[in-house]
Amino acid sequence: MSIKVIIAGPRGKMGREAIQMIESTEHFQLVAYLDRKNKGRTNESAIPVYEDPDKCFAEVQADVLVDLTTPEVGFSHTESALKHGIRPVVGTSGFKPEEIDELKKLADEKKIGCIIAPNFAVGAVLLMQFAKMAAKYFPDVEIIEKHHDQKLDAPSGTAMKTLELIKENRTAKAQGHPNEIETLAGARGGESEGIRIHSVRLPGLVAHEEVLFGGNGQLLTIKHDSMNRQSFMEGIKMSIDEVMKLDHLVYGLENLLELNN
Ligand SMILES: NC(=O)C1=CN([C@@H]2O[C@H](COP(=O)(O)OP(=O)(O)OC[C@H]3O[C@@H](n4cnc5c(N)ncnc54)[C@H](OP(=O)(O)O)[C@@H]3O)[C@@H](O)[C@H]2O)C=CC1
Ligand SMILES: O=C(O)C1=N[C@H](C(=O)O)C[C@H](O)C1
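Definitions and limits used
Residues numbered from 1 in each chain as written. Chains lettered and ligands numbered in written order. Predicted model: local features only at pLDDT ≥ 70, side-chain atom pairs only at ≥ 80, totals over all residues. Heavy atoms only, no water. Helix = DSSP H or I, 4+ residues; strand = E, 2+ residues; numbered from the N terminus. Expected span 1.5 Å × (residues − 1). Buried < 20%, exposed > 50% of the residue type's maximum accessible area, 1.4 Å probe, protein only. Contact = heavy atoms within 4.5 Å. Phe/Tyr/Trp six-rings, centres within 6.5 Å; stacked < 30°, edge-to-face > 60°. Core = buried A, V, L, I, M, F, W, Y, C linked by side-chain atoms within 4.5 Å. UniProt positions renumbered as here; feature names shortened; annotations may be inferred. 1 Å grid on protein atoms, 1.4 Å probe; cavity = no way out; pocket = protein on both sides within 12 Å on 5 of 7 lines; lining within 4 Å. Polar contact = N/O pair within 3.5 Å; in protein donor to acceptor, adjacent residues only side chain to side chain. Near = heavy atom within 4 Å. Areas by Shrake-Rupley, 256 points an atom, 1.4 Å probe, with all protein chains shown as cover. Nonpolar A, V, L, I, M, F, W, Y, C, P; charged D, E, K, R; others polar. Axes fitted to C-alpha atoms, helices over the stretch in contact; angles between N-to-C directions. Parallel < 35°, antiparallel > 145°, perpendicular 65-115°, else oblique. Points joined across faces, edges and corners; volume = space filled by probe spheres on them. Pairing = 2+ DSSP bridges.

## What about helix α6 (residues 157–169)?
The end-to-end C-alpha distance of α6, which contains 13 residues, comes to 19 Å, matching closely the 18 Å that a straight helix rising 1.5 Å per residue would cover. Along α6, the positions that sit buried rather than exposed are Gly-157, Thr-158, Ala-159, Lys-161, Thr-162, Leu-163, Leu-165 and Ile-166. The inward-facing, buried residues of α6 contact α5 (122–135), β7 (140–147), β8 (190–192), β9 (195–201), β10 (207–215) and β12 (249–251).

Below is the structure:
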């Protein structure tokens with residue numbers, strides 16, 4: 001039996017790559033696109049295009065929604081899919097913690113799976129796990145994330161998830177000099193519990209993150225680079241399969257991997 005998939009954001013950088021992956025996976029079937037530029041657009045494929053998520057989810061027989069859009073619409077797509085009994089696999093970044101909690105409640109109520117993954121690249125998921133481990137021994141830490149200049153949200157979803165995982169293992173402490181002064185606003189980056197995040201946006205970049213841990217006479221750097229968007233496709237593929245087996249929301253691909261060996 002094939003898994004029937006709707007893609008939201010099919011013209012985007014990730015959406016285009018995901019279409020190729022789904023079309024080349026035997027047990028996946030693309031059944032509709034959710035796109036805001038339906039009107040006046042020629043749709044040469046046989047796949048129907050919808051602008052209205054509720055209409056799409058009510059009319060199309062689908063198992064999974066893959067959302068690769070923007071923080072503003074990604075949340076409402078996910079909420080609507082859950083209400084219609086369609087399982088969301090969400091790559092869209094920039095959701096607020098309270099939005100994730102709300103979706104968690106809805107998935108629990110509906111008893112269906114939902115996966116929200118700040119990063120689908122397995123290497124980035126491992127980076128986050130290694131950073132969490134290191135935080136136990138190195139409480140002084142800063143995160144540098146670098147992305148292409150078309151990215152809407154800062155910091156990246158991956159940096160925010162890295163921060164959350166580091167906090168789980170780090171003893172809270174003030175970092176840097178107590179009398180530090182910024183002579184240029186923002187020079188020290190965004191701050192949460194003393195941890196700094198620096199966001200770089202430049203053409204030529206794809207998706208990159210470095211976590212730097214400073215200790216007495218030593219520096220530990222953990223780094224991951226996505227060179228292209230194919231790096232995310234294995235994770236999306238795995239999530240489409242796994243979301244079919246879940247009855248609740250999972251936030252982060254690490255929850256689907258065997259990481260204890
Ligand atoms: N979890 C992960 O591993 C990854 C997550 N991402 C995240 O995925 C998202 C998409 O990234 P990317 O493909 O690079 O971004 P793009 O800007 O290339 O694509 C986003 C697409 O969403 C479309 N869109 C906007 N509003 C709507 C709407 N109402 N309905 C349907 N489609 C809409 C945009 O249309 P238009 O062109 O008209 O603006 C655009 O085509 C981002 O949030 C990004 O951070 C990215 C890479 C990896
Ligand atoms: O917008 C992107 O490109 C990416 N977004 C995700 C994020 O915000 O972390 C994942 C990856 O970094 C690429």
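Read on for the rest.
## Re the packing of aromatic side chains
As enumerated under the stated definition, the model contains 2 aromatic pairs in all. Aromatic side chains Phe-138 and Phe-213 sit 6.2 Å apart centroid to centroid with 55° between the ring planes, which places their arrangement in the tilted category. With a gap of 75 residues between them, Phe-138 in the loop between α5 and β7 and Phe-213 in strand β10 connect regions that are remote in the sequence. The class of Phe-138 is buried, set by a relative accessible area of 14%. On the basis of relative accessible area, Phe-213 is assigned to the buried category, the value being 0%.

## What to know about the nonpolar core
Within soluble globular proteins, side chains that are nonpolar generally end up buried alongside one another. Grouped together as the largest cluster of nonpolar side chains are 34 residues, with contacts concentrated most on Ile-7, Ile-22, Val-66, Ile-236 and Ile-240. Among the elements that line this core, the one with the most residues is helix α1 (residues 13–23), at 5 residues. Not counting the four nearest positions on each side in its chain, Ile-240 is found in contact with Ile-3, Val-5, Met-21, Ile-22, Phe-28, Val-64, Val-66 and Val-89. Among the nonpolar cores identified, the runner-up in size contains 17 residues, and Met-128, Leu-165, Ile-197 and Val-211 belong to it.

## Describing the UniProt feature "active site" (unreviewed entry) in the protein chain
Mapped onto this numbering, the UniProt entry annotates "active site" (unreviewed entry) at His-147 and Lys-151. Lining residues of the largest pocket drawn from the annotated list: His-147 and Lys-151. In this fold, His-147 is placed in strand β7. In this structure His-147 comes out as buried when scored by relative accessible area, which is 8%. Excluding anything up to four places from it in sequence, His-147 contacts Ser-156, Val-200, Arg-201, Leu-202, Leu-205, Val-206, Ala-207 and His-208. Within the structure, His-147 has its side chain in polar contact with the side chain of Glu-145 (distance 2.8 Å).

## Some points on the site of ligand 2
Taken together, Ser-93, Pro-118, Asn-119, His-147, His-148, Lys-151, Asp-153, Ser-156, Gly-157, Thr-158, Ala-207 and Phe-232 make up the full set of residues near ligand 2. In this structure, His-147 approaches ligand 2 through a side-chain N or O atom, which is 2.6 Å from an oxygen atom. If ligand 2 stood free it would expose 320 Å²; the protein chains cover 85% of that surface. Classifying every residue of the shell around ligand 2 by side-chain character gives 3 nonpolar, 7 polar and 2 charged.

## Section: the packing of helix α3 (residues 71–83) against helix α4 (residues 97–110)
Across the interface, α3 lies against α4 with an axial gap of 9 Å and an inter-helix angle of 10°. Relative to α4, the element α3 lies roughly parallel. Listed contacts from α4 to Phe-75, Thr-78, Glu-79, Leu-82 and Lys-83 of α3 are Glu-99, Glu-102, Leu-103, Leu-106, Ala-107 and Lys-110. Partitioning the contact of α3 with α4 into residue classes produces 5 nonpolar, 1 polar and 5 charged.

## What about the layout of surface pockets?
When its volume is computed, the largest pocket comes out at roughly 1100 Å³. Taken together, 42 residues line the largest pocket, and the ones lying closest to its centre are Met-14, Leu-68, Thr-69, Thr-70 and Thr-92. Of all the secondary structure elements, the ones that give two or more residues to the lining of the largest pocket are α1, α3, α6, β10 and β11 (218–226). Grouping the constituent residues of the lining of the largest pocket by class yields 14 nonpolar, 19 polar and 9 charged. Here the second largest pocket defines a volume of roughly 430 Å³. Of all the elements in the fold, those that place two or more residues in the lining of the second largest pocket are α4 and α6. Considering each element in turn, the lining of the second largest pocket owes the most residues, 5 residues, to α6.

## Comments concerning the sheet that holds β11
Read from one edge to the other, the open sheet built from 5 strands follows the order β8-β9-β7-β10-β11, with strand pairing classed as mixed. What marks the edges here is a single partner per strand, and that holds for β8 and β11. Taken over all neighbouring pairs, the strand axes of this sheet differ in orientation by 15° on average, direction set aside. As paired strands, β8 and β9 are joined by 3 bridges and run antiparallel to one another. By the bridge assignment, Gly-190 is partnered in β9 with Ile-197. The strands touched by α5 are β10 and β11; relative to β11, the strand with the most contacts, the crossing angle is about 165°.

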